[in-house]
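Here are the chains, one letter per residue:
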Amino acid sequence: MSTPKVEFAEGYYEVFGIPKINALRESTSSTFLELMKINIYPTDKYLEKFYSRLREISEALGVKPHLIAQLETPLKKALRRLFSSFPRSKIDLNVDIVEDIEVQNWKLLRIAFVVESSDYEKLQEVWTSVSRIFAEETPKELLNKYYVAIEPGELS
Amino acid sequence: MNFNPLAFRNIALRISSSLKSCRDIPLKKKEEEAWIRTGISRLYYAAFLIARDKLSLNSYTRSDVHKLVINKLANIDPIAKDKLSELRKKRNQADYNIRERMTINDLLWSLAIAEDVIKRLLKN
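For the structure given in this document, a descriptive report is provided here. Just so it is clear, the model here is predicted, and its values are computed rather than measured. (Residues numbered from 1 in each chain as written. Chains lettered and ligands numbered in written order. Predicted model: local features only at pLDDT ≥ 70, side-chain atom pairs only at ≥ 80, totals over all residues.)

Looking at the overall build of chain A
A tally of helices and strands in chain A yields 6 helices and 5 strands. Reading chain A from its N end, one meets helices and strands in the order β-α-α-β-α-α-α-β-β-α-β. Residue burial in chain A is summarised as follows: out of 156 residues, 19% are buried. The contacts of chain A with a sequence gap of at least 6 include a subset with a gap of at least 24, amounting to 73%. (Helix = DSSP H or I, 4+ residues; strand = E, 2+ residues; numbered from the N terminus. Buried ≥ 20, exposed ≤ 12 C-beta atoms within 10 Å, placed from the backbone. Contact = placed C-beta atoms within 7 Å.)

Below, the structure is given as structure tokens:
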């Protein structure tokens, strides 16, 4: 039996640590891939990249940097909520600007968590709590500048 | 309201169940995506029209009513605001973006979003 091939997304951290990973990589365990999925989390380095992208995009939207900085706390709380609800799933973070095709000058910052799951009911439930976290922790003047979304990622 | 926007949700529901069971709608393979896109678009309008009514904005007829509804929703139900914003993104994709393929999963996910938004709006 060949060793399952696993590719790591840049910026992700393996909780097991490199020596353990290498030991697992050499093993022929069929649960190897499963083990890896459980243990990938965005690191501070990954989040820093994300924040920097967030600041860059927000400036284009005309949002003041001190307001954007206030998204960092709810973002971390949201990630904790997501990882506790989907401990076996890969979770990615995306940020972009959504420009409406029909309404002039309507642009929104979209913060999306892409969760590798097809349990739509559970995804909706977690989305509700993630949205609540953001709504409670961000200033009112930001509410009309951004929105938070959850997307079901493709399952391999 | 003379017309009940839930009828749009029901149409989308019928499209999704027909696509899953290959019954009811006389489907040609090449039309499948058109049905999917139609369903997604109707789902947005079902949720949007219910929200507009709830916010007493039925007489507001300018094209920026979509922005107005979502902005006002932010103050009374930020969760519904997030989900309706995403549904609008899906609807714009369904009606305008023909480069990217849309699948039954897009319709089912949009249905899940719309059901949740509508439930929240009708409850409060």
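Description of the packing of helix H1 (residues 6-21) of chain B against helix H2 (residues 32-54) of chain B
Residue and element names in this part refer to chain B. Viewed as axis vectors pointing N to C, H1 and H2 meet at an angle of 150°, and their least axial separation amounts to 8 Å. Between H1 and H2, the crossing angle belongs to the class labelled roughly antiparallel. Classified by chirality, the crossing of H2 by H1 is left-handed. Residues Leu6, Phe8, Arg9, Ile11, Ala12, Ile15, Ser16 and Leu19 of H1 pack against Glu32, Trp35, Thr38, Gly39, Arg42, Leu43, Tyr45 and Ala46 of H2. (Axes fitted to C-alpha atoms, helices over the stretch in contact; angles between N-to-C directions. Parallel < 35°, antiparallel > 145°, perpendicular 65-115°, else oblique. Left-handed = near helix turned anticlockwise from the far one by under 90°.)

Observations regarding the sheet that holds strand E3 (residues 91-99) of chain A
All names here are of chain A. Strand order in the open sheet formed by 3 strands is E3-E4-E5, and the pairing between neighbours is mixed. The open sheet has two edge strands with one neighbour each: E3 and strand E5 (146-152). The average undirected angle you get between the axes of adjacent strands in this sheet is 25°. Two elements, E3 and strand E4 (residues 107-115), share 9 bridges in a ladder whose sense is antiparallel. Bridging across to E4, Ile91 finds its partner in Val115. Lying on the sheet, helix H3 (residues 44-61) is in contact with E3 and E4; it crosses E3 at an angle near 10°. (Pairing = 2+ DSSP bridges.)

Here we look at the nonpolar core
Counting residues in hydrophobic clusters, the biggest one holds 30 residues, and the most contacted among them are Leu43, Ala47, Leu84, Leu87, Ala114 and Val117 of chain B. Among the elements that make up this core, the one with the highest residue count is H2 of chain B (10 residues). Ignoring any residue separated from it by four or fewer positions in sequence, one finds Leu84 of chain B in contact with Ala47, Phe48, Ala51, Ile70, Leu73 and Val117 of chain B. Listed in part, the 23 residues of the second largest apolar core include Ile91, Val115, Phe134 and Val148 of chain A. (Core = buried A, V, L, I, M, F, W, Y, C linked by C-beta atoms within 7 Å.)

Quick look at the interface of chain A and chain B
With 19 residues of chain A at the contact, the number on the chain B side is 19 residues. No other element matches helix H6 (residues 120-137) of chain A, which puts 6 residues into the side of chain A that touches chain B. Here the residues of the side of chain A that touches chain B are counted per class, giving 12 nonpolar, 4 polar and 3 charged. (Nonpolar A, V, L, I, M, F, W, Y, C, P; charged D, E, K, R; others polar.)

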